[in-house]
Amino acid sequence: MVDVFPQYGSTQGGTAVSVLVNGMSDLLAPRAKCFFDNIAVNSTFDSNSDSVRCITPKMSRAGAVVIRLSASDGASFALNNGSFIFHVQPEVNSFNPTE
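All residue numbers refer to positions counted from 1 along the written sequence of the respective chain. Whole-chain, interface and lining totals are the exception, using all residues; otherwise, since this is a predicted model, local features are given only for residues with pLDDT of at least 70 and side-chain atom pairs are given and counted only at 80 or more. Excluded from the side-chain calculation are hydrogens and water; included are all heavy atoms of the structure.

It is worth spelling out the pattern of salt bridges at this point. Opposite charge on two side chains permits pairing when their charged atoms draw close. A pairing counts as a salt bridge when a side-chain nitrogen of Lys or Arg comes within 4 Å of a carboxyl oxygen of Asp or Glu. Tallied over the entire structure, the rule returns two salt bridges. Arg61 is the partner of Asp37 in a salt bridge, and the nearest nitrogen-oxygen pair spans 3.1 Å. Here Asp37, found in the loop between β4 (33-36) and β5 (39-46), pairs with Arg61, found in the loop between β6 (51-55) and β7 (63-70); they are 24 residues apart in sequence, far enough to count as distant. Exposed residues in this analysis have more than 50% of their type's maximum accessible area, buried residues have under 20%, and partly exposed residues fall in between, with area computed by a 1.4 Å probe over protein chains only. For Asp37, a relative accessible area of 27% translates into the label partly exposed. The exposure class assigned to Arg61 is partly exposed, which follows from its relative accessible area of 44%. As a salt-bridge pair, Arg53 and Asp46 come within 2.9 Å of each other at their nearest N and O atoms. For Arg53, a relative accessible area of 40% puts it in the partly exposed group. Here Asp46 falls in the buried class, since its relative accessible area comes to 18%. In this description a helix means any DSSP run of H or I spanning at least four residues, a strand means any run of E spanning at least two, and both kinds are numbered starting from the N terminus.

Structure follows, in structure tokens:
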């Protein structure tokens with residue numbers, strides 16, 4: 001794995017993440033899985049950009065997690081020093097002044 005974009009998203013999940021995988025398309029297409037720590041999510045392989053696209057899961061805590069990909073044959077790959085940072089979504093409780 002070469003790069004991850006974006007590198008951060010909400011703990012609510014739902015962030016579309018692209019993992020660039022130069023030269024690994026034969027290993028990962030068509031049924032790779034993404035893992036955010038130990039949580040597996042389905043992915044799609046985009047041969048035009050040589051990347052795997054995943055949607056982040058909902059996480060119970062903020063912080064950095066390791067991203068891994070597993071191929072349909074069971075091989076597993078991790079990005080060197082690669083992580084995705086989950087942050088708590090900001091919440092607006094009130095506005096001042098109200099008028």
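A separate point is the confidence of the model for the chain. pLDDT expresses how confident the predictor is about each individual residue, on a scale running from 0 to 100. Confidence in the prediction of the chain, expressed as mean pLDDT, is 83, and 87% of residues score 70 or more. Least confident of the elements in the chain is helix α1 (residues 25-28), whose mean pLDDT is 65; most confident is strand β2 (residues 8-10), at 95.

Our focus in this paragraph is the nonpolar core. Think of a nonpolar core as a cluster: buried Ala, Val, Leu, Ile, Met, Phe, Trp, Tyr and Cys residues, connected wherever their side-chain atoms sit within 4.5 Å. Core analysis: the largest hydrophobic core is formed by 16 residues, its most contacted members being Val19, Cys34, Phe36, Val52 and Phe84. When residues of this core are traced back to their parent elements, those giving at least two are β3 (16-20), β4, β5, β6, β7 and β8 (76-87). Per-element tally for this core: the top contributor is β7, with three residues.

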